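# Chain and residue survey
Below are the chains, spelled out letter by letter.
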Amino acid sequence: MSAADDPAPETPAPFLAELAEDFETPTPPRVSPARAVAAALSVLLVLAILAWALPWATGATWPLILEALTTMPAWALPAMLVLGSAALVLEALTVRTAVAGSRLGTVLPAHAAATGLGLALPGGTVLGLGLLGWLLRRAGVAVGAIVTGILAASLVDLVVSSILVPLLGLGAYALSATALPLPGGIWAAVLVVVGSVLALALTGLGLRRSVLAAVLERLAQLGDAIPTAGVLAQRDALVDLLRRRPLSLALPTLAARIMQWTALLLALRAAAVEVPLLLTIALFALGRVLALVPITPGGAGITETVGAAALVGLGVVAADAAAAMLLLAVATLVVPLVGGGIAVAAAMARSLGSAQPSSSRSS
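Residues numbered from 1 in each chain as written. Predicted model: local features only at pLDDT ≥ 70, side-chain atom pairs only at ≥ 80, totals over all residues. Heavy atoms only, no water.

### With respect to unusual backbone geometry
Where we set the bar: Burial classes follow relative accessibility: with a 1.4 Å probe on protein chains only, a residue under 20% of its type's maximum area counts as buried, one over 50% as exposed, and anything between as partly exposed.
Here the phi dihedral of Ala272 falls at roughly 60 degrees; this positive angle occurs in a residue that is not glycine. A relative accessible area of 68% means that Ala272 is categorised as exposed.

This is the structure in C-alpha cells:
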C-alpha cells in the first residue's frame, strides 16, 4: 500500500484545533516587515562575503574567477540545474511518503516553497514549514497527517544530513591520510554530529510513551492545559510511521544528498580540478556542516568561501577553486531559491484568485 493510500492518523480535534485554524486560513503565512528587512540584510551580507572574503580566502581576483567561470564547458550549468532539481524532487518524495494522503504533485511545489523560504530568510525554516502545512491542507490532507509527516521528514533529514553525512565526511577525511588543514572544519563537523546525536537521543527519549506521558502529567499538575490523549495519539502515529517505513523515508533524502555530491564532482570536473574521491566526500560534508551556520541562511557565501579555500589548500589554482564552488552553488542554493520563489508566487496567486470570487459573491 502506498503512502498516499494510508489512512490519516486519527487525533482528537481539540489537540489540533489551533493548527487547523492556521492551516485553513484563506491566505498563506506572510513574511513580516522585520523578516523582510532581515532577508535584505542577509542578501547584502552574502554578497559582501562573496565580494571580499572569497577572493581574500583563495588569493584569486574576481576577473580571474569570472574568466574561469566563462571558460567552463557548456554542459556545466545545465548539469547543476538538473542535479539541483533532482535533489528537490527526491526530498519531496520523503515528504510525500511521510504525509499520508498526499500526492507528489502537491508536495513538490509545497516542499520547494518551504525550502526556498528556509534559505531566503533568517529563521525562515519555521515559516517555510507553516507554508508547507498550509499548502498541504489546501489540498485536502488531514491536519494530523500533516503534523506527523512534517515531524517524520524533519527527523529523517536530521539523521541523514546532520549525522550520517558529517560522519561519512570525517571517515573519508581520516582514510585519505591528508595533511590538509580544513579551517575549523573538523571541529565544526564533530560539534554538529555531537549536537545532532544529542538532539536525536533527546527526541527518542521524548518519544518513549512512558516518558512523554509522565512529562504531560507533570505539565498538567503545573496547571498547563495539555490534551494528553491527543499528544499521545500523535506520538503513536509518528512512531508507527517511522517503524513501518524507515527505508522509504530515508532513501530519497539520502539520494538527494548523493545528487548534491555528484554536483560537486561535476563542478570540479568543469573547472578542470582533480581531487581524490575521498576528499570530495569530506569537502561535501564540510559544505553540509557550514550550511547549518546561522550567520547566513543555508550558510550561503560561507560555504563557497571555505570550500574554495580548502581546495586551494589541496593545491588547486585559486580561480578554478572559487569557480567550482560558485558553480556548485547553482545546484545547492540557486535552484532551491528560484524554485521556492516560483512556488511561493504561485501559492500567493492561487490564494488571491480564490479570495476574489469569495469577495464578489459576498458583495
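### Overview of the environment of Ala74
Cut-off, in case you're wondering: Labels follow the DSSP assignment, with helices taken as runs of H or I lasting at least four residues and strands as runs of E lasting at least two, numbered in each case from the N terminus.
Note that Ala74 resides in the loop between α3 (62–70) and α4 (76–98). Considered as a pair, Ala74 and Ala270 are 196 residues apart in the sequence and their alpha carbons are 9.1 Å apart.

### As for the packing of aromatic side chains
Just so we agree on the cut-off: Here a Phe, Tyr or Trp ring, Trp counted by its six-membered ring, pairs with any other such ring whose centre lies within 6.5 Å, and the pair is stacked when the planes are under 30 degrees apart, edge-to-face when over 60, and tilted otherwise.
Taken as a whole and judged by the stated rule, the model has one aromatic pair. When the ring of Trp52 is compared with that of Trp56, the centres are 5.7 Å apart and the planes differ by 5 degrees; the resulting orientation is stacked. Residue Trp52 and its partner Trp56 are both found in helix α2 (residues 33–58); the two are separated by four residues, about one turn of the helix. The class of Trp52 is exposed, set by a relative accessible area of 59%. The exposure class assigned to Trp56 is exposed, which follows from its relative accessible area of 64%.

### Thoughts on the confidence of the model for the protein chain
To keep things clear, this is the line we draw: pLDDT is a residue-level measure of predictor confidence that goes from 0 to 100. Contacts between residues were defined by any pair of non-hydrogen atoms, one from each residue, lying within 4.5 Å.
Residue-level pLDDT values for the protein chain average 80, and 78% of them are 70 or greater. The spread of mean pLDDT over the elements of the protein chain runs between helix α1 (residues 13–23), the lowest at 51, and α4, the highest at 96. Segment residues 1–17: pLDDT under 50, and 40 contacts once partners within four positions in sequence are set aside and those in other chains are kept. Confidence drops under a pLDDT of 50 for residues 358–363, and excluding neighbours within four residues, the segment shows zero contacts in the predicted structure.

### Looking at the side chain of Thr253
Applicable threshold: Distance and chemistry together define a polar contact, namely a pair of N or O atoms within 3.5 Å, with one atom able to donate a hydrogen and the other to accept it when in protein, and with adjacent residues in sequence counting only for side-chain atoms on both sides.
Tracing the sequence through the fold places Thr253 in helix α11 (residues 246–270). For Thr253, a relative accessible area of 4% puts it in the buried group. Among the polar contacts made by the side chain of Thr253, one reaches the side chain of Thr94 at a distance of 2.8 Å. Every residue in contact with Thr253, bar those within four places of it in the chain, is listed here: Leu90, Thr94, Val156, Asp157 and Val160.

### Here we look at the pattern of salt bridges
As a reminder, the rule being used: What counts as a salt bridge is simple: a side-chain nitrogen of Lys or Arg found within 4 Å of a carboxyl oxygen of Asp or Glu.
In this structure the tally under the stated criterion is three salt bridges. Among the ionic pairs, Asp157 bridges to Arg257, the shortest N-O distance being 3.1 Å. Here Asp157, found in helix α7 (residues 143–176), pairs with Arg257, found in helix α11; they are 100 residues apart in sequence, far enough to count as distant. Owing to a relative accessible area of 31%, Asp157 belongs among the partly exposed residues under this scheme. Residue Arg257 is classed as buried on the basis of its relative accessible area of 4%. Arg244 serves as the salt-bridge partner of Asp240, at 2.8 Å between the closest nitrogen and oxygen. Of this pair, Asp240 and Arg244 both sit in helix α10 (residues 228–244), four residues apart, roughly one helical turn. Residue Arg244 is classed as partly exposed on the basis of its relative accessible area, which comes to 44%.

### Digging into the packing of helix α6 (residues 124–138) against α7
We count it as follows: Here an angle of 0 to 180 degrees is reported between the N-to-C directions of two axes, which are lines fitted to C-alpha atoms, with helices fitted over the stretch in contact. Two helices cross in a left-handed way if the nearer one is turned anticlockwise from the farther one by less than a right angle. They cross in a right-handed way if the turn is clockwise.
Contact geometry of α6 with α7 gives a least axis separation of 10 Å together with a crossing angle of 145 degrees. Helix-helix and strand crossings are classified by hand; for α6 and α7 the assignment is right-handed. The residues of α7 that touch α6, namely those facing Leu129, Leu132, Gly133, Leu136 and Arg137, are Val143, Ile146 and Ile150.

### Let's talk about the nonpolar core
Spelled out, the test is: We call a set of buried residues a nonpolar core when its members are Ala, Val, Leu, Ile, Met, Phe, Trp, Tyr or Cys and they connect through side-chain atoms within 4.5 Å of each other.
Grouped together as the largest cluster of nonpolar side chains are 45 residues, with contacts concentrated most on Met80 and Leu311. Breaking this core down by element, the ones donating at least two residues are α2, α3, α4, α7, α11, α12 (277–290), α13 (302–313) and α14 (318–362). Counting residues per element, this core draws most heavily on α14, at 13 residues. Among all residues touching Met80, those that are not within four sequence positions of it are Ala263, Leu266, Ala267, Leu327, Leu328, Val330, Ala331 and Val335. Formed by 33 residues, the second largest nonpolar core is a distinct cluster that contains Leu127, Val156, Leu238 and Ala347.

### Details of the packing of α7 against α11
Our working rule: Roughly parallel covers angles under 35 degrees, roughly antiparallel covers those over 145, roughly perpendicular covers 65 to 115, and oblique covers all other angles. Note that Gly is not counted as nonpolar here; it falls among the polar residues with everything else outside the nonpolar set of Ala, Val, Leu, Ile, Met, Phe, Trp, Tyr, Cys and Pro and the charged set of Asp, Glu, Lys and Arg.
At a closest axis distance of 9 Å, the pairing of α7 and α11 adopts a crossing angle of 45 degrees. Classified by the angle between their axes, α7 and α11 sit oblique to one another. By crossing handedness, the relation of α7 to α11 is classed as right-handed. Facing α7, whose interface residues are Val156, Asp157, Val160, Ser161, Leu164 and Val165, α11 presents Leu249, Ala250, Thr253, Leu254 and Arg257. Each residue belonging to the contact of α7 with α11 can be placed in one class, and the counts come to seven nonpolar, two polar and two charged.

### A look at the environment of Met259
Relative to the helices and strands, Met259 is located in helix α11. With relative accessibility at 24%, the residue Met259 sits in the partly exposed group. Taking the C-alpha atoms as reference points, Met259 and Gly84, 175 residues apart in sequence, are found 7.4 Å from one another. Contacts of Met259, omitting those with residues within four sequence positions, involve Leu83, Ala86, Ala87 and Leu90.

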